[in-house]
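Survey of secondary and tertiary structure
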Amino acid sequence: MVVVIFVTMGYSFTVGTANLTPRESYEVLLGQLFPDHFPEYPPNYIFIMMNLRAPRVLVGALVGAILGIGGCIMQSILKNPLATPYTLGVSSGAAVGASIYFIFGISIFGGHAGLISNAFFFSLLPVCAMMFVLLRRTVSAVTLVLSGVAFSYVFSSANSIMQYFGDDSAVAQVVFWTIGDLTSSDMWMVPVLFVGLVAYLAITWYLGKDMDIMRMGDDTAASLGINVNLVRGLALVVACFMTALAVACAGPIGFVCLLAPHICRRLVGSELRWLVPTAACFGSILLLVSDMIAKTVLAPQMLPVGAVTALIGAPIMVYMLYSKRGMRS
Amino acid sequence: MKEEMVTASDVKFSYRGGELVLDGVGLRVRRGEILGILGPNGSGKTTFIKCLNRILKPHQGEILLQERNLEDYSRKEVAAKVGFVPQRSDSGVSSPMVFDIVMMGRRPHMTWQSGKEDESIVWAIMEELDVAHLATRHFNELSSGQSQRVLIARAIAQDADVLLLDEPTSNLDVRFQMEVMGLIRKIVDEKNVCSCAIVHDLDLAMKYCDKVILLNDGKIRSAGTPLEALTCETIREVYGVRAYIEELHGRYRVLVE
Ligand SMILES: Nc1ncnc2c1ncn2[C@@H]1O[C@H](COP(=O)(O)OP(=O)(O)OP(=O)(O)O)[C@@H](O)[C@H]1O
Ligand SMILES: [Mg+2]
């Protein structure tokens, strides 16, 4: 699967609206790393590769992986096949942050990082609130799902109200942002997301066995020496944090969280230690393929990748739900 | 006198500010003993057994595990000493495989990864409970009796000194009721451990338990050997049915009218 990712990534680099041949694309890229060995290319080629294509592909791959993992964790922790970090209000929170930025021009950090910091901050609000409760007492999975859904509703009505008063172009921007898109990818996001992803994988590997046991019920897990509340809280916070990071970079891209775990469960079973890395790979591939389709179908017009993942993802999802009978769990 | 494994006295508990579910109950189990906990539905049996492995914390009263206060143990120490089979086990989205479930019992004894030794222990126990042929099946595809046996196998794999069993025989057919109780008896005798089991079947309690406690409304109605504690009067008082204790082929049976 890792190989598939790299092949897809490799191919994605060469796809775009500008007319660069694949050979030129790679020579520009490698030329940045090893300046001596490759011919000089005009600055606009370099600009296209380094500022448009490369970040897009790399951020896409990382965001896809992060979203895929988030889905696995949430479905397992919340014991709900439809749960994703979005269920807990991460995406609707981010949308509120984005609305505040676009419509009122208010942001936590000024300038370039305004949108990203706003989305990030607001998407963490619900999970912070939940954490606050979890620290005091035990909360069941059902209660968590319901309170997450309640949060989402609060956020989306807040959003509607803001959009009602906002001016047209700002509202259009909000709507565009909430579809999810990779065009605002930037090179600085790559190391941040990458470090985050590595830490994320390590933490889920560490918690994976305990989370697997917790699927047998909280009492069972507790009787085997697991601090149920701690594991659940930690997993929720880490998953929401990382998803918030991904959403802040690329917008709330739909369906990757939901689809990747379900498909990968058929491939490798439901043990989290194997499911999580597989879902990460699958999420990456799904997002990269969607992005390529987004770039090419209506070229030179680019579609927002969020719309494409949902367009591809939804039918697969529906198909899976209906063909579930007779299938192993 | 054998070592006292679990001693509970004057335990009081209520769920989130509700009325008292346990009102001053206690028990004492020594090595090599099976203690049966009996009582009608809703009398607090499950609640009591969960207090014994600290899933629930009693508001009052003292629970000693090997003469040391249960509160003073770490999570992992409790898990290594006390095994638990819950009354119900739900598994969410997609359930794990049988082998993995039994392997979960080894968690309190592992540092990081399960080793070859853990695997052979698990296989041996699965053979013994006749679930080895189900090893690669998913838990939610099992019949309730099969899943019951898997959960018991997990508790035994835990290699605990105290086995807490919440209705271990409730879903089993006649043969497996006998076999499971017989197996628990065997493990308790051979490994010199002890067990607290919630049993509904009065005959099984008569046959396999060394001691019983009879709960009613969160209080202990009677305690002692099965013959002492389960009499016509106590059974009538607690369950509201008329019953006779008869001796048949050297065993005592409870006949309910
Ligand atoms: N999680 C809970 N929250 C509130 N009340 C509870 C909870 N669990 C049990 N109870 C109540 O506590 C009382 C004792 O319940 P418990 O489960 O201990 O009964 P039990 O003796 O195990 O019954 P059964 O034979 O049906 O298993 C009941 O009145 C029940 O309604
Ligand atoms: Mg019960």
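Structural notes, computed from the coordinates. (Residues numbered from 1 in each chain as written. Chains lettered and ligands numbered in written order. Predicted model: local features only at pLDDT ≥ 70, side-chain atom pairs only at ≥ 80, totals over all residues. Heavy atoms only, no water.)

**Points about the pairing of strand β6 (residues 82-85) of chain B**
On a regular strand, one side chain projects to one face of the sheet and the next to the other, so that they alternate. Residue and element names in this part refer to chain B. Burial of the side chains of β6 extends over both faces: Val-82 and Phe-84 are buried on one face and Gly-83 and Val-85 on the other. Across four bridges, β6 lies against strand β7 (residues 162-166) in parallel orientation. The residue bridging Val-82 from the neighbouring strand is Val-162, located in β7. (Buried < 20%, exposed > 50% of the residue type's maximum accessible area, 1.4 Å probe, protein only. Helix = DSSP H or I, 4+ residues; strand = E, 2+ residues; numbered from the N terminus. Pairing = 2+ DSSP bridges.)

**Brief notes about the packing of aromatic side chains**
In this structure the tally under the stated criterion is eight aromatic pairs over all chains. Their ring planes at 85° and their centres at 5.0 Å tell us that Phe-13 of chain B and Tyr-15 of chain B sit as a pair that is edge-to-face. Consider the rings of Phe-99 of chain B and Trp-123 of chain B, whose centres lie 5.1 Å apart with planes at 35°: the pair is tilted. Remark: Trp-123 of chain B occurs in helix α4 (residues 116-128) and Phe-99 of chain B occurs in helix α3 (residues 98-104); sequence separation between them is 24 residues. Under the relative-accessibility criterion, Phe-99 of chain B is labelled buried at 16%. Over the face of the ring belonging to Trp-205 of chain A we find Arg-273 of chain A, whose NZ or CZ atom lies 4.6 Å from the ring centre. (Phe/Tyr/Trp six-rings, centres within 6.5 Å; stacked < 30°, edge-to-face > 60°. Lys NZ or Arg CZ within 6 Å of the ring centre and 35° of its normal.)

**Quick notes on the sheet that holds strand β3 (residues 34-38) of chain B**
All names here are of chain B. The sheet built from six strands is open, its strands ordered β6-β7-β8-β3-β9-β10 with mixed pairing. Across the chains shown, the open sheet's two edge strands, defined by having one partner strand only, are β6 and β10 (219-224). Sheet twist, expressed as the average angle between the axes of neighbouring strands with direction ignored, equals 15°. Sheet topology places strand β9 (residues 211-216) next to β10; five bridges connect them, and they run antiparallel. If you follow Val-212 over to β10, its bridge partner there is Gly-224. Helix α5 (residues 144-157) rests against β6 and β7 of the sheet, and its axis sits at about 175° to β6. Running at roughly 35° to β9, helix α9 (residues 232-239) makes contact with β3, β9 and β10 of the sheet. (Axes fitted to C-alpha atoms, helices over the stretch in contact; angles between N-to-C directions. Contact = heavy atoms within 4.5 Å.)

**Quick look at the sheet that holds strand β1 (residues 4-13) of chain B**
Sheet strands line up and pair through hydrogen bonds in the backbone, either parallel or antiparallel. Residues and elements named next belong to chain B. Across the sheet, four strands lie side by side as β2-β1-β4-β5; this open sheet has antiparallel pairing. A single partner strand is all that each edge strand has here, and the edge strands are β2 (22-30) and β5 (68-69). Of the strands in this sheet, β1, β2 and β4 (60-65) touch helix α1 (residues 45-52), which is tilted by about 60° from β2.

**Brief notes about the site of ligand 1**
Residue and element names in this part refer to chain B. Contacts to ligand 1 come from 13 residues, most closely from Gly-42, Lys-45, Thr-46, Thr-47 and Gln-87. The side chain of Gln-87 places a nitrogen or oxygen atom 2.8 Å from an oxygen atom of ligand 1. Starting from 630 Å² of accessible surface for ligand 1 in isolation, the protein chains cover 57%. (Near = heavy atom within 4 Å. Polar contact = N/O pair within 3.5 Å; in protein donor to acceptor, adjacent residues only side chain to side chain. Areas by Shrake-Rupley, 256 points an atom, 1.4 Å probe, with all protein chains shown as cover.)

**Description of the nonpolar core**
Core analysis: the largest hydrophobic core is formed by 139 residues, its most contacted members being Trp-177, Leu-193 and Tyr-200 of chain A together with Met-126, Leu-129 and Leu-230 of chain B. By residue number, the principal contributor to this core is helix α10 (residues 228-250) of chain A, which donates 15 residues. Look past the residues within four positions of Leu-193 of chain A in its chain and what remains in contact with it is Val-59, Leu-62, Val-63, Ile-66, Leu-245, Ala-246 and Cys-249 of chain A. Residues Val-6, Val-11, Val-25 and Cys-194 of chain B belong to the second largest nonpolar core, which totals 31 residues. (Core = buried A, V, L, I, M, F, W, Y, C linked by side-chain atoms within 4.5 Å.)

**A closer look at the packing of helix α4 (residues 90-104) of chain A against helix α5 (residues 114-136) of chain A**
All names here are of chain A. Across the interface, α4 lies against α5 with an axial gap of 7 Å and an inter-helix angle of 140°. Between α4 and α5 the crossing geometry is right-handed. Contact with α4, carried on its side by Val-90, Gly-93, Ala-94, Val-96, Gly-97, Ala-98, Ile-100, Tyr-101 and Phe-102, involves Gly-114, Leu-115, Asn-118, Ala-119, Phe-122 and Ser-123 of α5 and no other residues of that element. By residue class, the composition of the contact of α4 with α5 is 10 nonpolar, five polar and no charged. (Left-handed = near helix turned anticlockwise from the far one by under 90°. Nonpolar A, V, L, I, M, F, W, Y, C, P; charged D, E, K, R; others polar.)

**A few points about the coordination of the magnesium ion (ligand 2)**
The protein atoms that coordinate the magnesium ion (ligand 2) are Thr-46 of chain B (OG1) and Gln-87 of chain B (OE1), at distances spanning 1.8 to 2.3 Å. You can see Thr-46 of chain B sitting in helix α1 and its partner Gln-87 of chain B sitting in the loop between β6 and α3, a full 41 residues away along the chain. (Donors = N, O, S within 2.8 Å, 3.2 Å for Na, K, Ca; no water.)

**A closer look at the interface of chain A and chain B**
In this assembly, 28 residues from chain A lie in contact with 35 residues from chain B. Summed over both partners, the interface of chain A with chain B comes to about 2,600 Å²; 54% of that surface belongs to carbon and sulfur atoms. Inspection of the chain A/chain B interface yields two salt bridges. Connecting chain A to chain B are five residue pairs in polar contact (both at pLDDT 80 or more). Residue assignment for the side of chain A that touches chain B shows that the elements contributing at least two residues are α8 (189-214) and α9 (218-223) of chain A. By residue number, the principal contributor to the side of chain A that touches chain B is α8 of chain A, which donates six residues. Looking at side-chain class alone, the side of chain A that touches chain B contains eight nonpolar, nine polar and 11 charged residues. (Buried area = accessible area lost by both parts, 1.4 Å probe. Salt bridge = Lys/Arg side-chain N within 4 Å of Asp/Glu carboxyl O.)

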